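Inside the fold
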Amino acid sequence: MELDFSRQLHFWWALLPEIILCAWGMVVLIAGVSGKHKKGGAEEGGDPTLSGGADLGWLALVGVLLSALANGWLYGVTEVGRTSMIAVDGFRLFANWIFLIAAALSILISFAYVYRQRLQAGEFYALMLFATAGMMFMAGGRDLIVIFLGLEVMSIAVYALTAFNRRERKSAEAGLKYFLLGAFATGFFLYGIALTYGATGSTNVSVIGERIASGAASGTLTTLAITFLIIGFGFKVSAVPFHMWTPDVYEGAPAPVTAFMSAGVKAAAFVAFLRVFLVAFDASYETWYPVLWWLAAITMVSANLMALVQSNVKRMLAYSSIAHAGYLLVALTAANETAAAGMLFYLLIYTVMNIGAFAIVIGAAHQAEERLQVEDYAGFGWARPFLGVVLTIFLLSLAGFPGTGGFMAKIYVLQGAADAQLWYLSVILVLTTIASYWYYLRLAWFMWMKDQVTEGQHTLVITPFPMRIALIASVCVVLYLGFAPGAAIDFARDSVQGLGAVGGGLLGLGQ
Amino acid sequence: MVTILFYLFAGLAIGGAIGVVMAKSPVGSLLFMVTTLAAMAATFVLLEAHFLAAIQIIVYAGAIMVLFLFVIMLLNLGHDYQRDLKGGAFAVLSFAIVGAISGLLAQRLGAAGSSDITAGGVAIDAAIAEHGAIGAIAQPLYTTYVVPFEITGILLLVAIVGALVLAKKEV
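All values derive from a computational prediction rather than experimental measurement.

Helix and strand counts for chain B come out as 6 helices and 0 strands. Mapped from its N terminus to its C terminus, chain B presents α and β elements in the order α-α-α-α-α-α. Each of the 171 residues in chain B was classed as buried or not, and the buried ones make up 19%. In chain B, once contacts between residues fewer than 6 apart in sequence are set aside, the share between residues at least 24 apart is 58%. Approximately 11400 Å² of chain B is accessible, and the part contributed by carbon and sulfur atoms is 76%.

So this is what it looks like as structure tokens:
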């Protein structure tokens, strides 16, 4: 099928995955208020996989599945021209897979948490679906207005999800903090869009690229616009000078939301970052390349240093997520197709391993916000062998040990950096990765090498059936991509083919 | 004449914006904001965008500001509060940054003459002549930009759901 966007009906087909998710979100909302389970009540002896709002969770999963089917169907569709408002290219579809996987895994690990904390299941799952739709708009938008609206749909849903557990003081505080700082950063982003429009007379990413390449755009305004857009995106991906909110928000938010946020929001922001900077601002590579270089370097170094001294596991994972943003910024700085494919691969593997690690943290914390110190994991591995092994694999993958997906992801990013001859940045990446072994392995060391503080302290750790599905799926992906990454990286390379060709410029002027 | 009026309203808008952040009581901030929005509406009139000016007054200066005022009055937030901005250094820094940015913009626009702006103006005039003042906005809103328009609907729905979840009394 061929899509011609001069016919408005064709927007329907191009946006089918997003439309399904939004419509399904409304269905879940209505099911949530009309069902008998007005409160996700924790009745005695209830099974969290079936009662207490779990049916709404399964319903939301069906929506994710339908959207995935639509996303697969879009591979058979081509578009006429490459300047339409909605992109139908491999890059968007690959990013959509990442978001859908993040949403499915997050929903699977939420069941017991929603049940135990008596959250309002309908709204919870609906907001997750809407946030996912927002991410997909960001990945698919070829117009800065669509990207901005996608960013807002995603952010507002995530603000609400962060503050969702209102009985917990920390959750409300984190929600307010995230909201205020996020609104501030959104202002920067919007101002950047306005300045881009002032410089080039268009909000369409492809048209902006052409105008800048042909020299029709004003240099000063473009530079200002790039600065503001970097601040806006930098906040969302939590690069270091704009990372202040991350540890507090990750610690305060309900744990499944933290998992969703650290994987999905970051992936969406990076994907939009990549499209805007490689297609629209390709010709001004010389302007933004030094800024991103320093951002990447500072992010990698300081995030890893700060992670070394964390004793709370959620905070440690928050700093680890900032550090991973630094590694991904290296790929962005390299700005060539190898690095872009490496970034997509990295985001995929990061989503899976990070949500997996958070799933076990949720289980170990008794589906609540307790027992989150590193010391609480003493003897965890021997008491719960299956969970211990799985968590160790996720930690090794996050650290980037050979044989895991995380290692291959870093190799592909380094390959992109080498193509762009970013030698210093590559050295920093390797050194900070080695430094990060300390804090990942410290947790593993506590799990396997220390004795339990009190006998039987890990017997209460529950991992219900849906969470086990998520864990087994994640660990399979991490190991499979670690040993046989060929098919996935080829797929990622096909997906970024021709992404930057429209702007008239060549990808990676720094080569 | 138009130039004098423009500088008058531009000064009012900027003064009002500074007033919003400097005022001691929330109600004062709000009234300053109304000033800014009204001055911007006047600037729209000077650009002959009468429909936008009317919308600006009705929606922003009218409806939204009144809503804000209601909330502040009903929650009894109208009293003065201690200023919690840390020292003058931040204020000086932020004004310096804003000043530098506006200086750069003014320099660039001054150097380039107003050719870009006239080009845009011609296009707008043509659109108004063809569709009328309201049609010139409605036409692209419901054709070219129909996708962002629909996404805005989703955005509002998400905002309503989020607000309800967080503000509901019974949890």
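This next bit is on the interface of chain B and chain A. Each partner contributes residues to the interface: chain B has 27 residues there, and chain A has 35 residues. A buried area of about 2800 Å², summed over both sides, lies between chain B and chain A, and 79% of it is on carbon and sulfur atoms. Summed over the shared surface of chain B and chain A, the result is 0 salt bridges. At the boundary of chain B and chain A, one finds 4 residue pairs in polar contact (both at pLDDT 80 or more). Counting residues per element, the ones that place at least two in the side of chain B that touches chain A are helix 4 (87-111) and helix 6 (146-167) of chain B. Here the element with the most residues in the side of chain B that touches chain A is helix 6 of chain B; it accounts for 15 residues. Residues of the side of chain B that touches chain A, tallied by class, amount to 19 nonpolar, 4 polar and 4 charged.

Residues and elements named next belong to chain A. Taken as a whole, this structure holds 35 aromatic pairs over all chains when the rule is applied. A ring pair is formed by phenylalanine 270 and phenylalanine 273, whose centres lie 6.5 Å apart and whose planes are at 20°; its orientation type is stacked. Of this pair, phenylalanine 270 and phenylalanine 273 both sit in helix 11 (residues 255-280), 3 residues apart, which is roughly one turn of the helix. In this pair, the class of phenylalanine 270 matches that of phenylalanine 273, namely buried. An aromatic cluster is present here, built from Phe148, Phe189, Phe233, Phe270, Phe273, Phe277, Phe281, Tyr285, Trp288 and Tyr289 joined pairwise through their rings.

Residues and elements named next belong to chain A. Compared with the 26 Å implied by 1.5 Å per residue over 18 residues, the 26 Å span of helix 9 (residues 219-236) between its first and last C-alpha is a close match. Along helix 9, 13 of the 18 residues are buried, which leaves the element largely enclosed by surrounding structure. Count one or two residues on from helix 9 and you reach serine 238, which has phi positive near 50°.

Residue and element names in this part refer to chain A. Counting through the fold element by element, asparagine 312 comes out in the loop between helix 12 (285-308) and helix 13 (313-334). There is a polar contact of 3.4 Å between the side chain of asparagine 312 and the side chain of glutamate 251. Those residues in contact with asparagine 312 that lie beyond four places of it in its chain are Glu251, Leu372 and Gln373.

All names here are of chain A. Formed by 205 residues in total, the largest nonpolar core has its most connected members in Tyr125, Phe277, Phe281 and Trp288. Element by element, the count of residues in this core is highest for helix 14 (residues 337-364), at 21 residues. Ignoring anything within four residues of it in the chain, the contact list for phenylalanine 277 reads Ile226, Leu229, Ile230, Phe233, Asp282 and Trp288.

Cut-offs applied
- Residues numbered from 1 in each chain as written.
- Chains lettered and ligands numbered in written order.
- Predicted model: local features only at pLDDT ≥ 70, side-chain atom pairs only at ≥ 80, totals over all residues.
- Heavy atoms only, no water.
- Helix = DSSP H or I, 4+ residues; strand = E, 2+ residues; numbered from the N terminus.
- Buried < 20%, exposed > 50% of the residue type's maximum accessible area, 1.4 Å probe, protein only.
- Contact = heavy atoms within 4.5 Å.
- Areas by Shrake-Rupley, 256 points an atom, 1.4 Å probe, with all protein chains shown as cover.
- Buried area = accessible area lost by both parts, 1.4 Å probe.
- Salt bridge = Lys/Arg side-chain N within 4 Å of Asp/Glu carboxyl O.
- Polar contact = N/O pair within 3.5 Å; in protein donor to acceptor, adjacent residues only side chain to side chain.
- Nonpolar A, V, L, I, M, F, W, Y, C, P; charged D, E, K, R; others polar.
- Phe/Tyr/Trp six-rings, centres within 6.5 Å; stacked < 30°, edge-to-face > 60°.
- Expected span 1.5 Å × (residues − 1).
- Core = buried A, V, L, I, M, F, W, Y, C linked by side-chain atoms within 4.5 Å.

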